[in-house]
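In case you want the letters, here they are:
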Amino acid sequence: RMQRLRARLARSGTVGQTLLSILSRGDLTESDWEEIEETLLLADVGIGPTTELMDTLRTRSKVLGTTDPEVVRGVLREELLALVGESDRSIATEPVVGDDGRPHPATVLVVGVNGTGKTTTVAKLARVLVAEDKSVVLGAADTFRAAAADQLSTWGARVGVEVVRSDREGADPAAVAFDTVRRGREESADVVLVDTAGRLQNKQGLMDELGKIKRVMSREAPVSEVLLVLDATTGQNGMRQAQVFADVVDITGIVLTKLDGTAKGGIVVAVQRELGVPVKFVGLGEGPDDLAPFVPEEFVDALLS
Ligand code: GDP
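Residues numbered from 1 in each chain as written. Predicted model: local features only at pLDDT ≥ 70, side-chain atom pairs only at ≥ 80, totals over all residues. Heavy atoms only, no water.

Q: Quick one: what's the story with the pairing of strand β4 (residues 136–141), residue by residue and with numbers?
A: Here β4 lies mainly inside the structure; 6 of its 6 residues are buried. In β4, alternate side chains face the same way, and those of Val 136, Leu 138 and Ala 140 on one face and Val 137, Gly 139 and Ala 141 on the other are all buried. Alignment of β4 against strand β5 (residues 162–164), held across 3 bridges, turns out to be parallel. Considered in β5, the bridge of Val 137 is made with Glu 162. In this fold, the crossover linking β4 to β5 by way of helix α7 (residues 146–159) has right-handed handedness. (Buried < 20%, exposed > 50% of the residue type's maximum accessible area, 1.4 Å probe, protein only. Helix = DSSP H or I, 4+ residues; strand = E, 2+ residues; numbered from the N terminus. Pairing = 2+ DSSP bridges. Right-handed = clockwise from strand over helix to strand, strands pointing away.)

So, in structure tokens, the structure goes:
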């Protein structure tokens, strides 16, 4: 049955259409309810949230005494919204006054596995901030791949912001992060964004590395945000990686990338639930303008249309 559903999901393209086709059969039978549940699972909503949703959906449908597809769909929309929940989804973009009485830029550390879209996200975020008249400095603290700093420099030139980097491959990422924050202070920048390496070596290694970057940056300015970048197309595997990062550093927000490349947006629900941290932005393409603030209503409507 999962195979049949998978095929149908691939054919119809959206979770909403699949659900609607199940719901339009009229009175829902036990096997229809199961298909709804499987569709949510296939959409990466995750086992916990899906079970919760199905319980509520069945109960409310019973209470309402109807299995009218439009009604059930409306209930599902409400319950998905409730699951996504209210959160502060803004990021720190204002300088903060430090213990020494001097203003520091808001500092944002961007972490995640390589290939998830970290560097691109840093550039896109810079673009959003520049459009809001913020002054921004970027730091290329992914010093393990020479190409990473080049990539960020290219983006910096494109977006029109300064990039702090080291020309030495294998330089200490914490030193680059420190220099970036210092540069931000010198420039009286509003925001400093630091790109990091996403090597998932062992957990201890990652913890040491990110811990050191945070500690060293904090000597110049407290770290305001740690954004975790997660590739929406990687499903449960991505979730496991996200959990490793969440275990080693205090994440304050999630950026879910490549949402344009999947019909399985349910991962938004799963990742928030799993990590207890709000999705703040979504990546919707490879271009500099393809980053949007996460809006629960828009997301749920897209999932169900
Ligand atoms: P990093 O290794 O985590 O820094 O990842 P990159 O920023 O280099 O991105 C890896 C690839 O994913 C690149 O080809 C990006 O263009 C692509 N990418 C990043 N964000 C998105 C997105 O939101 N949608 C799509 N379709 N591609 C993206």
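From this point, the narrative continues.
Q: Help me get a handle on the sheet that holds strand β9 (residues 279–283), residues and values and all.
A: Note on sheets: strands pair through backbone hydrogen bonds, and any given pair is parallel or antiparallel. Spatially, 8 strands are ordered β5-β4-β6-β3-β7-β8-β9-β10 in an open sheet, and the strand pairing comes out mixed. Only two strands of the sheet have a single neighbouring strand rather than two, namely β5 and β10 (291–293). Put simply, the sheet's adjacent strands are angled 25° from each other on average, direction ignored. Of the strand pairs in this sheet, strand β3 (residues 106–111) and strand β6 (residues 191–196) are connected by 5 bridges, and their pairing is parallel. Pairing of Ala 106 across the sheet is with Val 191, part of β6. The strands touched by helix α6 (residues 118–131) are β3, β4, β6, β7 (223–231), β8 (253–257), β9 and β10; relative to β6, the strand with the most contacts, the crossing angle is about 170°. Relative to β7, helix α10 (residues 235–248) is tilted by about 160°, and along the sheet it contacts β3 and β7. (Axes fitted to C-alpha atoms, helices over the stretch in contact; angles between N-to-C directions. Contact = heavy atoms within 4.5 Å.)

Q: Lay out the environment of Thr 196 with the relevant residues and their values.
A: Its location among the elements puts Thr 196 in strand β6. Classification of Thr 196 as buried rests on a relative accessible area of 1%. When the C-alpha atoms of Thr 196 and Val 110 are compared, they prove to be 6.3 Å apart, with 86 residues separating the residues in sequence. Excluding residues within four positions of it along the chain, Thr 196 makes contact with Leu 109, Val 110, Val 111, Lys 118, Ala 141, Asp 142, Leu 210 and Ile 213. A polar contact of 2.8 Å, which involves the side chain of Thr 196, links it to the backbone oxygen of Val 110. (Polar contact = N/O pair within 3.5 Å; in protein donor to acceptor, adjacent residues only side chain to side chain.)

Q: Talk me through the side chain of Asp 190; I want residue IDs and the actual numbers.
A: Tracing the chain through its elements places Asp 190 in the loop between α8 (173–186) and β6. Here Asp 190 is buried and forms no salt bridge, its nearest opposite-charge partner Lys 134 lying at an N-O distance of 5.3 Å. At 2.8 Å, the side chain of Asp 190 and the backbone nitrogen of Ser 135 are in polar contact. In this view, Asp 190 contacts Thr 93, Glu 94, Pro 95, Pro 105, Ala 106, Asp 133, Lys 134 and Ser 135; residues no more than four positions away in its chain are not counted. (Lys, Arg positive; Asp, Glu negative; His and termini not counted. Salt bridge = Lys/Arg side-chain N within 4 Å of Asp/Glu carboxyl O.)

By themselves, these observations are geometric and do not establish any function.
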